[in-house]
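Listed below, chain by chain, are the residues.
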Amino acid sequence: MNWTTDRRDGNEGQAQMELTSGALLWTVLGLTVLVTGATVWQWPRLARPGWTSVLARLGALLTAQLGLVLVAALLINGYGDFYPTWDDLLGSDQQVTFGPSTGNAGDALPTAHGSRLVRPDGSSPAWPAGRPASVGALASVRVLGPRTGLHQQAYVYLPPQYFQPAYARTRFPVLVMMTGYPGTIATTLDRLNPPREASRLITEGRMQPTVLVLVSQNVALPRDTNCVDSVGGPAVETYFTDELPTALRSAYRLAPGPDSWAVEGYSEGGTCALAFGLRHPSVYGVVADLGGDYGLYENRQTGTLFGPPGPDREHLLQQADFNWRLTHLPQPSIRVLLGTAVKDRDYPATKRFLAEVRAPLRATPMLLQTGGHNFGTWAVEQGPMLEWISGQLAH
């Protein structure tokens, strides 16, 4: 697969009229202006008595309003890149392909402090139903961070083998799964249901028994913390790269090294997963980023994360730029999966990132021909992503 040139499907005219194209937006906006202008110009004629005139007025008003709604929908879709193409909107079948990889162990995880760090929260997810030794078990817990003061809800899925006598002394690999912003783990469970997909793959022998931990990095909603230890704010990075692994190891039979720990996310969760892998390779040795960015940033939702102007802020901003890290710092010994689509707005940034990858870091692109920033795309990517991660984790 050639990552130095863009791939295009169909003719140029079709590409120009995709859902996020300026041509389509300006066409709809122009037609809306024409219809509105014609309605105003012809209103005296439409104001005549009779059912025909009433229906004509109603049709003209509805057409103008529909045009305004379509313009607003196109603007929102263009901003979020939810449905880049007509195929995405219509739900056409997707085919996942893997590109060539470009391009091992670190420090031990912190010592566990006891199971008091993971507490059942009383709620019970609807799935699964049955004996744990047959289908596994899904529990809702609170994971406490003593130093950061954070205590996030998490869904922990234990595979069937966790409860089987033959595996009584086995320590299992772990996959931490994060959400988008401002997503919740309840939404992830409802729309993607990773435990159900993992259970199916494990039963079919396509995925090794793995503990899944669904947890949201959104600790201070409506503020977006971007998964960093913000200056004067919550220490989200410390929680996810120190306290969360420590707490989980205190409560479950989990393998200790980074080759047995993976982190994954979609949208901002993917950005955070990649950040944790690049910045903390001694914790997470395997990473999957589905539709994330390639750097940590500030905007109106985040507020000031990196402190006031000055040398410290400039240093933190540099460290937050993933491409800067690849070109100026030793590349970590981790394995990374990057999920993207040819027509996604993240495709050029993904190519730039891959071009900078050098050993010992290994990065593998997972490519869709079409796809957007939406759960339909992430649902298609989820199964292949879980299988890929399983193949990278230590057995």
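The structure under discussion appears in the preceding block.
Quick caveat, the model's predicted, so the values are computed rather than measured.

Definitions and limits used
By convention here, each chain's residues receive numbers from 1 onward along its written sequence. Local features in this predicted model are restricted to residues whose pLDDT is 70 or higher, and side-chain atom pairs enter the listing and the counts only when it is 80 or higher, whereas totals over whole chains, interfaces and linings include all residues. Heavy atoms throughout the structure, all of them, feed into the side-chain values; hydrogens and water do not. Relative accessibility decides the category of a residue: with a 1.4 Å probe and only protein chains considered, values under 20% of the type maximum give buried, values over 50% give exposed, and everything between is partly exposed. We count a stretch as a helix when DSSP gives it H or I for four or more residues in a row; a strand needs E for two or more, and each element gets its number in order from the N terminus. Each pair of strands is called paired provided DSSP finds at least two bridges between the two strands. When the sulfur atoms of two cysteines come within 2.5 Å, that pair is taken as a disulfide. Think of it this way: a Phe, Tyr or Trp ring, Trp meaning its six-membered ring, pairs with another when their centres are within 6.5 Å, and the plane angle makes it stacked under 30 degrees, edge-to-face over 60, tilted otherwise. Cation placement over rings: the criterion is NZ of Lys or CZ of Arg within 6 Å of the ring centroid and within 35° of the ring normal. Points on a 1 Å grid, built from protein atoms alone, make a cavity when a 1.4 Å probe fits but cannot get out and make a pocket when they are open with protein on both sides within 12 Å along at least 5 of 7 lines; residues with an atom within 4 Å of a point are the lining residues. Grid points are joined across faces, edges and corners, and a volume is the space filled by probe spheres set on the points. Any residue that is not Ala, Val, Leu, Ile, Met, Phe, Trp, Tyr, Cys, Pro, Asp, Glu, Lys or Arg is counted as polar, Gly included; the first ten are nonpolar and the last four charged. Candidates for patches are residues over 30% relative accessible area with no salt bridge; among them, like charges are joined within 9 Å and nonpolar side chains (Val, Leu, Ile, Met, Phe, Trp, Tyr) within 5 Å. Using the Shrake-Rupley algorithm and a 1.4 Å probe, accessible areas are obtained, with residue cover drawn only from the displayed protein chains. Each reported salt bridge corresponds to a side-chain nitrogen of Lys or Arg within 4 Å of a carboxyl oxygen of Asp or Glu.

## So, the pairing of strand E5 (residues 174-178)
Part 1 of the reasoning: Judged by how many residues are buried, E5 sits mostly within the fold: five of five residues are covered.
Part 2 of the reasoning: Every second residue of E5 is oriented toward a common face, with Val-174, Val-176 and Met-178 on one face and Leu-175 and Met-177 on the other, all of them buried.
Part 3 of the reasoning: Both E5 and strand E7 (residues 261-266) contribute to a ladder of five bridges, which runs parallel. Within the sheet, the bridge partner assigned to Met-177 lies in E7 and is Glu-264.

## Focus: the state of the cysteines
Part 1 of the reasoning: In the structure shown here, the tally under the stated rule is one disulfide.
Part 2 of the reasoning: With its sulfur 1.9 Å from that of its partner, Cys-227 forms a disulfide with Cys-272. Here the disulfide of Cys-227 and Cys-272 is right-handed, its torsion about the S-S bond being about 90 degrees. Of this pair, Cys-227 sits in the loop between strand E6 (211-215) and helix H8 (236-251) while Cys-272 sits in helix H9 (residues 268-279); the two residues are 45 residues apart in sequence, bridging distant segments of the chain. The two residues Cys-227 and Cys-272 agree in class, both being buried.

## Considerations on the packing of aromatic side chains
Each aromatic ring pair is summarised here by two numbers: the centre-to-centre distance and the angle between the ring planes.
Part 1 of the reasoning: Taken as a whole and judged by the stated rule, the model has eleven aromatic pairs.
Part 2 of the reasoning: Measuring from centroid to centroid gives 5.6 Å for Tyr-162 and Phe-163, while their planes differ by 65 degrees, and the two rings are edge-to-face.
Part 3 of the reasoning: By relative accessible area, which is 12% here, Tyr-162 ends up buried.
Part 4 of the reasoning: By relative accessible area, which is 34% here, Phe-163 ends up partly exposed.
Part 5 of the reasoning: Ring centres of Phe-276 and Tyr-284 lie 6.4 Å apart, and the angle between their planes is 20 degrees; on these two criteria the pair is classed as stacked.
Part 6 of the reasoning: Through a chain of ring-to-ring contacts, three or more aromatic side chains come together here, namely Tyr-239, Phe-240, Trp-261, Phe-276 and Tyr-284.
Part 7 of the reasoning: Over the aromatic face of Tyr-162 sits the side chain of Arg-253, whose NZ or CZ is 4.2 Å from the ring centroid.

## Re empty space enclosed by the protein
Part 1 of the reasoning: Estimated volume of the largest cavity: approximately 80 Å³.
Part 2 of the reasoning: Every residue lining the largest cavity is counted, 15 residues in all, and those nearest its centre are Met-177, Thr-188, Leu-192, Glu-264 and Tyr-266.
Part 3 of the reasoning: Breaking the lining of the largest cavity down by element, the ones donating at least two residues are E5, helix H6 (185-191), E6, E7 and helix H13 (375-392).
Part 4 of the reasoning: The element that contributes the greatest number of residues to the lining of the largest cavity is H13, accounting for three residues.
Part 5 of the reasoning: Across the lining of the largest cavity, the residue classes tally to eleven nonpolar, three polar and one charged.

## Some words on a nonpolar patch on the surface
Part 1 of the reasoning: A contiguous nonpolar surface patch, about 300 Å² in accessible area, is contributed by Leu-55, Leu-58 and Leu-62.
Part 2 of the reasoning: A relative accessible area of 48% means that Leu-62 is categorised as partly exposed.

## Some thoughts on the pattern of salt bridges
Part 1 of the reasoning: A complete count under the given rule lists eight salt bridges for this structure.
Part 2 of the reasoning: A salt bridge links Arg-200 to Glu-204, with the nearest nitrogen and oxygen atoms 3.2 Å apart.
Part 3 of the reasoning: We classify Arg-200 as partly exposed; its relative accessible area is 35%.
Part 4 of the reasoning: The partly exposed category is assigned to Glu-204, whose relative accessible area is 42%.
Part 5 of the reasoning: Among the charged side chains, a salt-bridge network with shared partners connects Glu-197, Arg-200, Glu-204, Arg-206 and Glu-387.

Bear in mind that shape data such as this cannot, by itself, settle questions of function.
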